[in-house]
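Working through the structure, step by step
Spelled out from the first residue to the last, the chains are:
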Amino acid sequence: MSIKENLLKKIEEKCIRVGVAGLGYVGLPLAVEKAKAGFKTIGFDIQAGKVDMVNAGHNYIGDVVDSDLKTLVEQGMLSATTDFSFMKDMDFIAICVPTPLDKHQQPDISYVKHSVEEIARYLKKETMVVLESTTYPGTTQELVRPLLESGSGFKCGIDFYLGFSPERVDPGNLIYKTKNTPKVVGGVGKDATEVIAAMYRAVLDGDVFEVSSPAVAEMEKILENTYRNINIGLVNELAMLCDRMDISLWEVIDAAKTKPYGFQAFYPGPGLGGHCIPLDPYYLSWKAREYGFHTSMIESSMMINDRMPEYCVERAGRILNHHEKSLKNARILVLGVAYKQDIDDYRESPALRVIEVLRNEQAQVEYYDPYIRSYRYHGETVKGLEAISPAIVASFDLVMVTAAHSNVDYAMIQRHARAVFDTKNVMKGLEPRGNIEVL
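Summarised in this report is the structure supplied together with it.

Each value, and the rule that gives it
- Residues numbered from 1 in each chain as written.
- Predicted model: local features only at pLDDT ≥ 70, side-chain atom pairs only at ≥ 80, totals over all residues.
- Heavy atoms only, no water.
- Salt bridge = Lys/Arg side-chain N within 4 Å of Asp/Glu carboxyl O.
- Helix = DSSP H or I, 4+ residues; strand = E, 2+ residues; numbered from the N terminus.
- Pairing = 2+ DSSP bridges.
- Axes fitted to C-alpha atoms, helices over the stretch in contact; angles between N-to-C directions.
- Expected span 1.5 Å × (residues − 1).
- Contact = heavy atoms within 4.5 Å.
- Core = buried A, V, L, I, M, F, W, Y, C linked by side-chain atoms within 4.5 Å.
- Buried < 20%, exposed > 50% of the residue type's maximum accessible area, 1.4 Å probe, protein only.

So, on to the pattern of salt bridges. Enumeration over the complete set of coordinates arrives at 34 salt bridges. Its salt-bridge partner being E74, residue K70 comes within 2.4 Å of it at the nearest N-O pair. Of the two residues, K70 and E74 both sit in helix α4 (residues 66-74), 4 residues apart, roughly one turn of that helix. Through salt bridges with shared partners, a single network forms among K10, R17, D91 and K124.

Here it is as structure tokens:
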């Protein structure tokens, strides 16, 4: 029986043993879904704290149902370890480790490299290996494949299958989760693509779309997020222009989105946050230089979005000037440090940069976020207010809204704040508006 036939048979019989490297926002939900589908799953992570929590049935990811994790652990369908030697027993391995940018804004693929090297040491024949971490086009073929082949002595496509299937995790999304979000799969060879796609189809409810190569799947992921980066850059630039022209961009967007075709609404804000949109265009522009290509439109949008925290601080300074206050020594309350509403994720959140710039201007800054009591930034732990009240709000010279959490009493804030700078237009329906300025 060929490797393809054998793996397809094992998938059908639910005999595949699954390993997931990286138990973060991508890996843990994927591991849970694999286990729920009847595949015994082991999660691998270098952080012992995460491993201990999983093995105790304690969930730490918002998109995972607490009871699902607990039940799967109790049933023996899901466990976690820091010991990569257990990879020797896996038939399917998903790599879901971080791919951040380094201090030079270049891709840091050290986590991928380390994971692949560990996997290669224990790789057995007839294993599917899939990279899910967002990265630059070419990573699977140019980095992962050689490391697996040299480390294991096996041949890709003959002894094991390799592919790329980009994660599509949107923390806090109430409709689309790992289970029902369509998946893209690009393998090294048609057989690899077919078998890996079959494995995802056995687990997920969403469609699985097969592409011709890992590079296509890698570029597809970059396109998804660069598309958003560019359009957000457009509206952020228009926000700066409309401010000068004394036009409400928010009203302009509301009017434009009445068109039933050819327009999708994007909104301005204090910058980009999250694990993909602020980073992915840098992967592509970095890789493009290898081909002597300058991604001018992409880089322009990145420059605009990267500057938004500074622009918001400039606007805050102007608002304070109208109240005869300077940024220096002004008391400013920042509302929300999560990168999007109603989640506890602050990765790449522009609010952190806003706070940093405000403090560089010698403002006295506090923050409140009902989801995040403290955060780490440049090696420093910053603690937020435990709660806010009319008296607390009134004690600040300016309140800056930087995350549109739905469980904040904005009406109370509007009533008691001296001045509000609403960068998310979350106070849109409140009256009177004399103390509110919108980005």
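Right, picking up where we left off after that structure.
Before going further, it helps to spend a moment on the sheet that holds strand β13 (residues 398-401). As summarised here, the arrangement of the 5 strands in space is β10-β9-β13-β14-β15, forming an open sheet in which the pairing is parallel. The open sheet has two edge strands with one neighbour each: β10 (364-368) and β15 (436-438). On average, each strand axis in the sheet is tilted by 20° relative to the strand beside it, whichever way the strands run. Pairing of β13 with strand β14 (residues 420-422) involves 3 bridges; the strand directions are parallel. Within β14, the position partnered with V401 by the bridge is D422.

Moving on, we get to helix α5 (residues 110-122). The terminal C-alpha atoms of α5, which comprises 13 residues, lie 19 Å apart, in line with the 18 Å expected from a rise of 1.5 Å per residue. In the core, the buried residues of α5 are packed alongside β4 (92-95), β5 (128-131) and α6 (139-152).

The next thing to look at is the nonpolar core. Formed by 43 residues in total, the largest nonpolar core has its most connected members in I16, F92, M128 and Y200. It is helix α7 (residues 190-201) that contributes the most residues to this core, 7 residues altogether. Those residues in contact with I16 that sit more than four places away from it in its chain are L7, K10, I11, F39, K40, D91, F92, M128 and M199. Counting residues in each nonpolar core, the second largest holds 39 residues, with I42, I119, V129 and Y282 among its members.

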